[in-house]
Every structure is written in C-alpha cells, then in structure tokens.
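# Summary of the model geometry
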Number of protein chains: 2
Amino acid sequence: MSVTAAKGFQAAGIAAGIKENGNPDLALVVNRGPRLAAAGVFTSNRVKAAPVLWSEQVLRGGQVSAVVLNSGGANACTGPAGFQDTHATAEKVAEVLGHSAGEVAVASTGLIGIRLPMDKLLPGVETAAAALSQHGGEKAAIAIKTTDTVHKTAVAEGDGWTVGGMAKGAGMLAPGLATMLVVLTTDADVDSAELDTALRAATRTTFDRVDSDGCMSTNDTVLLLASGASEVVPDTAAFHEAVRAVCDDLAQQLIRDAEGASKDIRIEVVGAASEDDAVEVGRSIARNNLLKCAVHGEDPNWGRVLSAIGTTSAAFEPDQLNVAINGVWVCKGGQVGEDRDLVDMRYREVRITADLAAGQESAVIWANDLTADYVHENSAYSS
Amino acid sequence: MSVTAAKGFQAAGIAAGIKENGNPDLALVVNRGPRLAAAGVFTSNRVKAAPVLWSEQVLRGGQVSAVVLNSGGANACTGPAGFQDTHATAEKVAEVLGHSAGEVAVASTGLIGIRLPMDKLLPGVETAAAALSQHGGEKAAIAIKTTDTVHKTAVAEGDGWTVGGMAKGAGMLAPGLATMLVVLTTDADVDSAELDTALRAATRTTFDRVDSDGCMSTNDTVLLLASGASEVVPDTAAFHEAVRAVCDDLAQQLIRDAEGASKDIRIEVVGAASEDDAVEVGRSIARNNLLKCAVHGEDPNWGRVLSAIGTTSAAFEPDQLNVAINGVWVCKGGQVGEDRDLVDMRYREVRITADLAAGQESAVIWANDLTADYVHENSAYSS
C-alpha cells in the first residue's frame, strides 16, 4: 500500500530511461489535500546533493504538494548545473500538475558526481503524471530502488487515519540518516509543526540508529506529508507512535536488505550514564570492522567488543564491563565470563548486549556484518 | 639488525610453546648499559591489556633494563589474574637476569580474553635468557609475529651512534597506535626525557597516522631504549630525525603487510586550516568502507571521498573541494574535474589528495583497501 495507503495521495513509478538497463527509475507522489502539510529530515553530511539543498528550501515553507524521486543518479557534487537540473525538475512537475514549484520536493539516488539525463527525466515526469493513481504506491516504491533487492513499504492504521510509507536504501547506511530516500504519507489532519515534531522524534530512534556500514550519504531525505483527507485530528501520542512504527518497520527492512550482509546485528547498550553515551558506544561497536568480520564468521569474539568500547569517551570502568552475545554473558567484569561455546550464532539476527554498569540509560543500534559480498558489490559499483 | 643494531643490546627469540603451532612466540631484549634510559608510548584505548598497565608503570621511572614480549596471547581483558601473570613474567625476567622487576617492561599480542599459559611462558624466559646474543635481533623480531607474513626491522645510522628497531602488527591498525608492538633501541647517550620527546614527536606523524582498518588495539606499545654504549651525545635534531625515520620505515612495513590488503592508500590532505583538520579529514577518508572497496576495485570513485569529507567538522566549503587520485584531479570545485578514465590504479600504492582549499596545513594518513581476504582472515581468527 505504501504511500497511497493514506487517503488523498496518488503515486506513480515508471521507467524514464535514466537507468540504462530500462528498470523503473522515476517516482511521483502527489498530495491531493485538502491539506498540504509536510515535514522533512535530511542528511547531516555537509556535502549535500542538489535535491537535498532544494528540498530543504521547499520544506521551510511547511507545504509540499508533490515529491518527485529518481534513482539512477544522485545529482550530488554536480555544481550549479546540477542544482539547475533539480530546479528544472521541480518546475516541470509544477507545470504538469498545475502546482507551484516551491511546493515540489525532489529526491535523487544513485552514483555521485554525474549529471542526470534531463532529456529523459523531464519527459518521464509527464509519463509519471499521466500514470498517477491511488493504487500507485507499490510502483513508486519499486522505481526508487538502486541496489535494493526488494522494495520497501509499511503501513500503520490509526483510529480513522493511516500512516504509510516507502523507503529505499541498501548501502551507505549510517547515522545522520542512511543512503535512504523515504516518503511517508498520512491522511490525518495534522499541521506541519506537529508533523515535524513527530518525524524528528521517530527518525531519532529508528533511521538514525541504523549503521550498516558507517558511511553517511549525501542524499538522505525523509519526508512526511499530510493530506488531512480523513478529516480526523489524531490523538497526538497515537500519531507519534504510528509514525515511529512505520519508520521502525522501514528501518528494519533497510538493515535486512543491506548490501552483501549475511547477519543483522542488534547492538543494545545498557547501564549507560546517558543516552548519548549509549549511542556513542553502540556506534563504535557497530563500526568495528574486526567485530563485523567476527560476526560474519559466527565467532563470539567479545574482545573486539571491549576494544571498540574502549575507544569511546563514555562513562565506564574497564573492569566492570559486561557483554552478552545472543544471551550468553561471555564477558563479565571486563574478563572472561560464561563459556563462549554456549553462543549459538547460526541465525541471521545476532544480539550483542553491552552493559557499561555506569547508569540506567540505554540505546539500540542496528548494524550488519562485513562480508566478501559487501566488498564485491562495492568494489565495482561505478565502473 | 633490528634491536641489536645499536651497541649495548642483546636479544633472543624462541618458541616457548605459547603458540600451539610451535612457532617462535617469546622475545627478550636486554639493555646492557651503561645507561638504562627509556621512553614509551601506549595505546589510547581505555580498555588496556595487563602488560600495558604494567609497562606504563615501569616507564614512569624512565629506566628499562629488559623488555619481554610474547605473541600467542594478548593478556587483555583477563582481570586481576592476568595482571598477576604479567607481574610474574617481569619478576621471572628480573630473577634470571639479576635485575629489578620494576625495570622490566612487558608486551603481549594475540587474542584478547584468554589467560597466558604461564607453565610455558616462565620456562621460556629461562630459555630466552640463555639464548641472548648481540646478533639476536632478527630472531626477536620473528618471535613477536602474529598474522604478520614477514618480520619487520629497521635501522638508521647517526654520527657514531645507531637507532634500530623491530615491529609487529598486521590487523587492528589504527590511531592511538595500531595493534603493534615496537621496540626501538639506540646506543646514543640520551636521557629518558629526551627519548620521550623524540619518541612522541616521531610516533605522532608515523604510527599514529597508520589507519589500516579503523580498529584500535588494547595492547599497542612502542618503547625506545638507550644504552649510551656509543658514548656519543647526538645532535638533537639528527637524533629526532633518526628516530622518526626508523618509526616511519616500520610504519610503512606495517601498512604493506596489513591483513588481506591488496592496496596501500596514501591519503594526503592539503589546504587545511589546521593540522588537526587535515588529520580528521584524512582519517574519515581512511575509514570509509565504501571508498576502501572502490580502491580495491581500482575504481576512482571520488564521490565517496567527498561524502567522507562531508562527515567531518573541518573548515571547508563543499563547492571548493578538489580531489586527485594518482595525480589526476577527478574532482575540482566540488564537482567533476579531469576525466576519471585517466586514473591508473593498477599498482599497489594509491595516492589520494584532498585539497580543502581552506588554509596551508596538511597531513598524510596511510590506509589499506577492504578486501574479501580481510573479511576471510578476520572472520575466523579466534575459532
């Protein structure tokens, strides 16, 4: 159901010819109102793609009538000409739909440093607009895939309203958002300020805690659009939870489809003096290549967890650290604990718990293992 | 020539049976004086192995008469009992040589979290002491290898004095020193304060700028011992340069022998507002797994360099960044520059230059590519 699960939205996904292999590469999501409220969260990378720079401007107005997304090219590091391409894309969407370009968000994904083939993209906008449908959510989700093996959608139902969404992302998954494009829609009657609050709260503990490969993208964009078409003003807590649930569902799908990964690693840091400490330690563990290799080899190598914790500035004493792998406390008090042979790592999900014994705070970070397939996929991406 | 190139030193390397495969695993380096001056630099990891905790104490006195090193076990995360093992090892060396245990430094390398087989190590100390020789430097260098494919030694000659050294390290190579054990010796007549100054200056721009895999070890130790046996007080600048040259030589050997690597990546950051900025940017590039994969695939994917720079807090403007790969400026002004097809990446050394266009400072960081062999070697290390 994707972005068209909520009333008031139409979508389309088509092949415009941006991708040389002829796969779908252009998606359009249109908000038919009555509201056009919107909020957005973008990459914290200081090298931002042209569509990010454009859409940040659009979102400042709090109104989005349409989102146009392309795969097959990131339009990042393309200079003023690349920004002009984004602007022209928004203008084309506005012209075709009879909207204002200042309310058209743009998102792109693909290789950095190449210009988009505008001679294909602009006619594609017309094709996509002609294909708009309230059943077009799946096709839109398919058209934004890059190295994703499956398209990703999620839906949460409220009391008379709905939140739905689509996501793409498979590599360059890291904090400050992953290489992800996400569009969420709702027919709840919510203004842009409330959307912003709900979206920031949701991404902080979902997409922002996915750290598949430690690499932060130039293009990350997460948008939340409200049509108000249900004519229901939702309970605030219930709405926040629905947005969080859809984000969490999509974030899990990103981790499970990460490039070349054979394991999903759930890193829970407990006993931290602060949530920031817990996140810092979780990220350090998530990014430790040696540990990621060990998990791939189903080796409960807790020493690599401790050496990763030791590089952080979090509050802890080395001789009070405890580490469990899949429920077995292989490290207690900073030294060998339960028998590591008890750890069963055959399944895709591997759970690492790091207890800092320094407080009551906690956080969960999701990562993937490091595999020969990851190396293979990423050593030939642009050639 | 290794640690016995300088007069006044003896060394030995033997197989004590710590490694189950019977390879050499115990090294002893003895300073016969007349001076016993010493300085040390240790890992900045907060989870420190027992021998690091011990040797830090010893070095506070500025006197080291002997260094005992073992491979086959890191003696890290082994609790008070592990510290006791280190203490007993130092006491044994002191007893056999007739020294004070407080002047015996200890270093260990191998798997974290397992106790050392003291029933083999302590008799091994006697065997090593009996084998001490002024020609024993090579054997000592061989005995400290773990996954190293070759042993590593270096020598620099001064005006009547010599600096020599040995190193081991092949994985877990990252700042705050790598998983490295290094012993440097000199027969120059230098006191411990001057040794400390020379050693810190040298490691700051050599070992500290090796970032093979972003993983910081619990055991890193670099020691510099002076016997004064040449009876020559060296020119300070010449001595500093000799220590730096030996450290640089050994650091290059570490990079060239990094686990599973097929490329050595020399990352030079220029045009930085400060040296700290240059180092931060260099490290961010060095640790970007996607870029490391691209280098492995001989793909001049400069977009990944820019996305790595974008995650830092260094002073720069995205539209003024320039990147060269092997001398070809593939990115100019934050966008596509010279033809990427001109970049020849067939050889082992790959040179990346990142120009921040923000000042006059620079730094060089050395890294390796990410390969399937790295994954393979590190997914089965402890099993």
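Just so you know, these numbers come straight off a predicted model, no measurement behind them. (Residues numbered from 1 in each chain as written. Chains lettered and ligands numbered in written order. Predicted model: local features only at pLDDT ≥ 70, side-chain atom pairs only at ≥ 80, totals over all residues. Heavy atoms only, no water.)

### Considerations on the interface of chain B and chain A
- Tallying the contact residues gives 52 residues for chain B and 52 residues for chain A.
- The junction of chain B with chain A conceals about 4000 Å² of combined surface from both sides, 58% of it contributed by carbon and sulfur atoms.
- Joining chain B to chain A, the criterion identifies zero salt bridges.
- Applying the counting criterion to the chain B and chain A interface returns eleven residue pairs in polar contact (both at pLDDT 80 or more). (Contact = heavy atoms within 4.5 Å. Buried area = accessible area lost by both parts, 1.4 Å probe. Salt bridge = Lys/Arg side-chain N within 4 Å of Asp/Glu carboxyl O. Polar contact = N/O pair within 3.5 Å; in protein donor to acceptor, adjacent residues only side chain to side chain.)

### Side note on unusual backbone geometry
Residue and element names in this part refer to chain A.
- Put simply, Gly33 and Pro34 share a cis peptide bond, and its omega is 20°.
- Along the chain, the position of Pro34 falls in the loop between strand 2 (26–31) and strand 3 (37–42).
- Positioned with a positive phi, Glu231 is a non-glycine residue whose angle comes to about 60°.
- The class of Glu231 is exposed, set by a relative accessible area of 68%. (Helix = DSSP H or I, 4+ residues; strand = E, 2+ residues; numbered from the N terminus. Buried < 20%, exposed > 50% of the residue type's maximum accessible area, 1.4 Å probe, protein only.)

### Section: the pattern of salt bridges
- Applying the stated criterion to the full structure yields 34 salt bridges over all chains.
- Arg200 of chain B is the partner of Asp196 of chain B in a salt bridge, and the nearest nitrogen-oxygen pair spans 3.1 Å. One end of the pair, Asp196 of chain B, and the other, Arg200 of chain B, are both in helix 5 (residues 192–204), four residues apart, so they sit about a helical turn from each other.
- Connected through salt bridges with shared partners, the residues Lys92, Glu95 and Glu126 of chain A form a single ionic network.

### Considerations on the pairing of strand 3 (residues 37–42) of chain B
Residue and element names in this part refer to chain B.
- For strand 3, the tally of buried residues reaches six of six residues, placing the bulk of the element in the interior.
- Residues of strand 3 alternate between two faces, with Ala37, Ala39 and Val41 on one and Ala38, Gly40 and Phe42 on the opposite face, all of them buried.
- Where strand 3 lies against strand 9 (residues 221–226), six bridges are found, and the strand directions are antiparallel. Bridge assignment links Val41 to a residue of strand 9, and that residue is Val222. (Pairing = 2+ DSSP bridges.)

### Points about the domain arrangement of chain A
Residues and elements named next belong to chain A.
- Along its sequence, chain A is carved into domain 1 (2–256) and domain 2 (264–378).
- One C-alpha centre belongs to domain 1, the other to domain 2; they are set 33 Å apart.
- Facing 14 residues of domain 1, the contacting portion of domain 2 comprises 16 residues.
- Buried surface at the junction of domain 1 and domain 2, both sides included, amounts to about 1200 Å², of which 38% is carbon and sulfur.
- Area buried by domain 1 at its contact with domain 2 is led by Arg209, Asp211 and Ile255, which between them contribute 49% of it.
- Between domain 1 and domain 2 we count two salt bridges in total.
- At the junction of domain 1 with domain 2, the criterion picks out six residue pairs in polar contact (both at pLDDT 80 or more).
- Tallying contributions element by element places helix 6 (residues 236–256) first for the side of domain 1 that touches domain 2, with three residues.
- When grouped by side-chain class, the residues that make up the side of domain 1 that touches domain 2 number four nonpolar, four polar and six charged. (Domains from an automatic or database assignment. Nonpolar A, V, L, I, M, F, W, Y, C, P; charged D, E, K, R; others polar.)

### Quick word on the relation of the copies chain B and chain A
- Placing chain B over chain A gives an RMSD of 0.0 Å and needs a rotation angle of 180°, together with 0.0 Å of translation along the axis. In short, the pair behaves as if placed about a two-fold rotation axis. Of the C-alpha atoms belonging to chain B, the one lying closest to the rotation axis is found on Ala372 of chain B, 2.2 Å away.
- Of the residues that chain B buries at the interface, 100% are likewise interface residues in chain A, meaning the two copies contact each other through the same surface. (Least-squares fit on C-alpha atoms with pLDDT ≥ 70 in both.)

### Regarding the packing of helix 7 (residues 275–286) of chain B against helix 9 (residues 302–309) of chain B
All names here are of chain B.
- The geometry of helix 7 relative to helix 9 is characterised by a closest axis approach of 8 Å and an angle of 130° between their N-to-C directions. Taken together, the axes of helix 7 and helix 9 lie oblique to each other. As for the relative orientation of helix 7 and helix 9, their crossing is right-handed in sense. Contacts between helix 7 and helix 9 involve Val281, Ser284 and Ile285 from the former and Val305, Ala308 and Ile309 from the latter.
- When its residues are assigned to classes, the contact of helix 7 with helix 9 shows five nonpolar, one polar and no charged. (Axes fitted to C-alpha atoms, helices over the stretch in contact; angles between N-to-C directions. Parallel < 35°, antiparallel > 145°, perpendicular 65-115°, else oblique. Left-handed = near helix turned anticlockwise from the far one by under 90°.)

### Considering the UniProt feature "binding site: substrate" (unreviewed entry) in chain A
All names here are of chain A.
- In this structure's numbering, the residues bearing the UniProt feature "binding site: substrate" (unreviewed entry) are Thr146, Lys168, Thr179, Glu259, Asn378 and Ser383.
- In this fold, Glu259 is placed in the loop between helix 6 and strand 10 (264–272).
- Its relative accessible area of 9% is what places Glu259 among the buried residues.
- Within the structure, Glu259 has its side chain in polar contact with the side chain of Thr147 (distance 2.6 Å). (UniProt positions renumbered as here; feature names shortened; annotations may be inferred.)

### As for the side chain of Asp187 of chain A
Residue and element names in this part refer to chain A.
- Tracing the backbone through its elements, the reader meets Asp187 in the loop between strand 8 (181–186) and helix 5 (192–204).
- Among buried Asp, Glu, Lys and Arg side chains, Asp187 stands out as unpaired, with Lys7 the closest opposite charge at 4.0 Å.
- A distance of 2.8 Å separates a polar atom in the side chain of Asp187 from the backbone nitrogen of Thr162.
- Those residues in contact with Asp187 that lie beyond four places of it in its chain are Ala6, Lys7, Trp161, Thr162, Ser227, Gly228, Ala229, Ser230 and Glu231. (Lys, Arg positive; Asp, Glu negative; His and termini not counted.)

### What about the environment of Glu317 of chain A?
All names here are of chain A.
- Note that Glu317 resides in the loop between helix 9 (302–309) and strand 11 (322–325).
- The exposure class assigned to Glu317 is partly exposed, which follows from its relative accessible area of 46%.
- For the pair Glu317 and Asp257, spaced 60 residues apart in the sequence, the C-alpha separation amounts to 36 Å.

### Observations regarding the packing of aromatic side chains
- Per the stated rule, a full pass over the model turns up four aromatic pairs over all chains.
- Above the plane of the ring of Phe316 of chain B lies Arg46 of chain A, whose end atom (NZ or CZ) is 3.9 Å from the centre. (Phe/Tyr/Trp six-rings, centres within 6.5 Å; stacked < 30°, edge-to-face > 60°. Lys NZ or Arg CZ within 6 Å of the ring centre and 35° of its normal.)

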